[in-house]
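Descriptive structure summary
For reference, the chains in residue letters:
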Amino acid sequence: MTVSEAEQLLNAMAKKSKQTHDICLLALFCGLRFSEIAKLTWACVDFGNMRLWIKDPKNKHSRWAYLTNRVKKMLKERYQGQAPTELIFVDRKGNPLKRISKVFDRTVAELGLNDGIEDRRQKIVFHSLRHTFASLLVEKGTNLYVVKELLGHEDISMTQRYSHLGDNALRQAANELEKVFNKSKLLEF
């Protein structure tokens, strides 16, 4: 997703479902999987250090996810003195969430974000928010190892699918090397 599409989706979601908006915010700004969000309890939140403890994720290696100011504000607004063991997000009956609300798919359709896209792999689904998190980090020059750790990938090969997005960072690095030689005066071009 582009930044514009992501903001458009978040804005529309905020008007339809606060909970779905907040779940989307965590996926987009922290790179979390739905299953990781659904397991979050208030004990996982460390407001002081601006991080979330992601326990028992898909790859079984617990990790920290880091809060942006926007995510911290959202979590503080949600917190109403719940017990540390209480889930942050529950369904209408107070049970653990099993899937993202249908409001997500309806909003994507209403915004036309999948219009004209035939290949299902290119369609925007909830997991696209996590991919957007990783893609934007790589496009901004974030090291793939750092992205791997933030996503909780067990192996760097999973993260390497984003490596083609780092061309600008690679080009910039090559240009920086040239600047070093231009300043040195040892080599004449």
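Here the structure is a predicted model, which is why all the values come from computation and not from measurement.

Conventions adopted
Residues numbered from 1 in each chain as written. Predicted model: local features only at pLDDT ≥ 70, side-chain atom pairs only at ≥ 80, totals over all residues. Heavy atoms only, no water. Helix = DSSP H or I, 4+ residues; strand = E, 2+ residues; numbered from the N terminus. Contact = heavy atoms within 4.5 Å. Expected span 1.5 Å × (residues − 1). Buried < 20%, exposed > 50% of the residue type's maximum accessible area, 1.4 Å probe, protein only. Patch = residues over 30% accessible without salt bridge, like charges linked within 9 Å, V, L, I, M, F, W, Y side chains within 5 Å. Areas by Shrake-Rupley, 256 points an atom, 1.4 Å probe, with all protein chains shown as cover. Salt bridge = Lys/Arg side-chain N within 4 Å of Asp/Glu carboxyl O. Lys, Arg positive; Asp, Glu negative; His and termini not counted. Charge placed at Lys NZ, Arg CZ, Asp CG, Glu CD.

**Brief notes about the side chain of threonine 107**
Along the chain, threonine 107 falls in helix α5 (residues 102–111). Those residues in contact with threonine 107 that lie beyond four places of it in its chain are Leu9, Ala12, Met13 and Lys16.

**Observations concerning helix α2 (residues 18–30)**
The end-to-end C-alpha distance of α2, which contains 13 residues, comes to 18 Å, matching closely the 18 Å that a straight helix rising 1.5 Å per residue would cover. With ten of its 13 residues buried, α2 lies for the most part within the structure. All of the buried residues along α2 are Thr20, His21, Asp22, Ile23, Cys24, Leu25, Leu26, Ala27, Leu28 and Cys30. Once α2 finishes, glycine 31 follows within two positions and takes phi at roughly 70 degrees, a positive value.

**Some remarks on the environment of lysine 76**
Along the polypeptide, lysine 76 turns up in helix α4 (residues 69–78). Given a relative accessible area of 47%, lysine 76 falls into the partly exposed group. Here the alpha-carbon distance between lysine 76 and aspartate 46, two residues 30 residues apart in the chain, equals 11 Å.

**Let's talk about the environment of phenylalanine 34**
Residue placement: phenylalanine 34 occurs in helix α3 (residues 34–38). Residue phenylalanine 34 is classed as buried on the basis of its relative accessible area, which comes to 15%. Expressed as a C-alpha distance, the spacing of phenylalanine 34 and arginine 99, which sit 65 residues apart in the sequence, is 7.4 Å. Filtering out sequence-adjacent residues up to four positions away, phenylalanine 34 remains in contact with Ile23, Leu97, Lys98, Arg99, Ile100 and Phe126.

**A few points about a positive patch on the surface**
A surface patch of like charges, here positive, comprises Lys98, Arg99, Lys102 and Arg106. The residue arginine 106 is located in helix α5 in this model.

**As for the pattern of salt bridges**
One pass over the structure, following the stated rule, counts eleven salt bridges. The shortest N-O distance in the salt bridge between lysine 18 and aspartate 22 comes to 3.1 Å. Taken as a pair, lysine 18 and aspartate 22 lie in helix α2 at a separation of four residues, close to a single helical turn. Taking relative accessible area as the criterion, lysine 18 reaches 41% and is therefore assigned partly exposed. Residue glutamate 77 is joined to lysine 73 by a salt bridge in which the shortest nitrogen-to-oxygen separation is 3.0 Å. Linking glutamate 77 with lysine 73, this pair stays in helix α4, spanning four residues, or about one helical turn. The exposure class of lysine 73 is exposed, given its relative accessible area of 54%. In the salt-bridge network here, residues are joined through shared partners; they are Lys18, Asp22, Lys73, Glu77 and Arg78.

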